[in-house]
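A structural walkthrough
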Amino acid sequence: MAEKYIIRVTAGSNYDLDQHVVVPVNSHEPLKVSGELADADLNVRVQNYRGLPRNSPNTSPYFSLEPHAANKDQYSIAIRFTPKNPAASSSSKTTSTDPSRSPSRSGPSQDSPSSESSSPKPSEEDASEEAPSGISGADLQFGNDFDHPIRDRLPPGFSYAMNIVKWWIDPGLDGDTYADQPYLYGPALSSFNAVHVGRGEDSPEKGGLFFEEGGDEDGLKERQDLGAPGTAKDRMKWALKPANKNKWVFQYGKTYCLDFFNPYLDFNEFSLRLPGFTLPIMKYWDGQSLRSKPKRSHTLRYVLRNRATNQPYLVIVFTLYLKEDVNEDGSLKPAALEATRDDRRMAKESGKVPADSGDVDVSKDEEYKEAKKHFEKLGVTEGAKDQDTGGDDDVD
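These numbers come from a predicted model, not from an experiment. (Residues numbered from 1 in each chain as written. Predicted model: local features only at pLDDT ≥ 70, side-chain atom pairs only at ≥ 80, totals over all residues. Heavy atoms only, no water.)

1. Brief notes about the overall build of the protein
Across its full length, the protein holds 8 helices and 20 strands. Here the protein holds 396 residues, and the buried ones make up 56% of them. Here the contacts in the protein between residues at least 6 apart in sequence split such that 69% fall between residues at least 24 apart. Total accessible area computed for the protein in this model is approximately 17800 Å², and 50% of it derives from carbon and sulfur atoms. (Helix = DSSP H or I, 4+ residues; strand = E, 2+ residues; numbered from the N terminus. Buried < 20%, exposed > 50% of the residue type's maximum accessible area, 1.4 Å probe, protein only. Contact = heavy atoms within 4.5 Å. Areas by Shrake-Rupley, 256 points an atom, 1.4 Å probe, with all protein chains shown as cover.)

Pasting the structure below:
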């Protein structure tokens, strides 16, 4: 089934697909995404990539460097993240529910300012020294969510696979895959494989954003003052304790570098390869199995979000399109564009996109053309990396 589809990656500061731009996968130039709540630079890298835009490199120098070469990592989502003080900008109008904070699976509306600050509250004895203004380490989350139920479409062995993921990969992962709006989120502090306090490195020779655990001089001191371990493995374990998460603050105006990578999810074969267990996910991607009316596109969404306010900072969407719905130049045909509109309508119905937001004409597929120009500027031409302009060689 995988050979019938081709993948495209988009990103934006919220859930609205009309406001997303195409991510030039494996480009060494980071994509800049700015919103009311944060500025972010983003590199998405996928090993053996055969997706859109057509002239995308099929790999990145990133994968030849350690620890990624030894790990045989298959993809990376690298984010340079600078949160903004929401008090200095107009409040977000996006409404949503937060199933991770309420037994009723319904969180506070984003329309109304929350009475809770995302920063840890200082004790009375520390009132004279105001806590840094920012996002609590307990509140910054990263993970996946969906706009519709998938409980009746989960593959056999899913529970076993989830136990492996939580035991072997991310013990901090939490969620409800049986909810009306399923989600799997983990604290950023324990979910990201690398956390660097500072601006990190941006090197074309290394594939763009390249972060090692630690920080710049000030960042290392900040980590030391908090008692955060210096190695990634120890930091991830340290961050599982609530007391440690609560005392870490992602300060407004300060830059943090986050990298999420692993060898488990293969975006070319569309399979989840866990220790001792392989789960083909193509049949169940986006809950598509058993649909009475099969979708023509399927999405997997990664979200960097605030648990306390329900607001997203960065949304990255991996979308599978039928090859027959994609033009030879890589732009989307009407059937694919309509499928994208359907995804946006579901996001509206779920409350993740404001109901009063207007519909944008995406028929011209301008964001794809911009991504294509990006590679042309870098000197990557059509036919590069063993790709041609036809649609049959994009996914094996």
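2. What about helix α4 (residues 217–226)?
A turn of α-helix holds 3.6 residues, and therefore any two residues three or four places apart point the same way. Those residues of α4 that fall on the buried side of the exposure criterion are Gly219, Glu222, Arg223 and Leu226. For α4, the buried positions fall inside an angular range of 95° around the axis, keeping them on one side. Among the exposed residues of α4, those pointing more than 90 degrees away from its buried face are Glu217, Lys221, Gln224 and Asp225. Of the surrounding elements, those touching the buried residues of α4 are β10 (194–197), β13 (214–215), α5 (232–238), α6 (242–247), β14 (249–251) and β15 (256–262). Of the residues flanking the start of α4, the one acting as N-cap is Asp216, its side-chain oxygen 3.3 Å from the backbone nitrogen of Asp218. Taken from the residues just after α4, Gly227 is the one with a positive phi, measuring 80°. (Arc of directions from axis to C-beta. Polar contact = N/O pair within 3.5 Å; in protein donor to acceptor, adjacent residues only side chain to side chain.)

3. Points about the nonpolar core
As a rule of thumb, soluble globular proteins bury nonpolar side chains together. Grouped together as the largest cluster of nonpolar side chains are 51 residues, with contacts concentrated most on Ile77, Tyr302, Ile316 and Phe318. It is strand β20 (residues 312–322) that contributes the most residues to this core, 6 residues altogether. The contact partners of Ile77, leaving out residues within four places of it in the chain, are Leu42, Asn43, Phe142, Phe192, Leu258, Asp259, Phe260, Tyr302, Ile316 and Phe318. Grouped together as the second largest cluster of nonpolar side chains are 9 residues, Tyr185, Val303, Val317 and Ala347 included. (Core = buried A, V, L, I, M, F, W, Y, C linked by side-chain atoms within 4.5 Å.)

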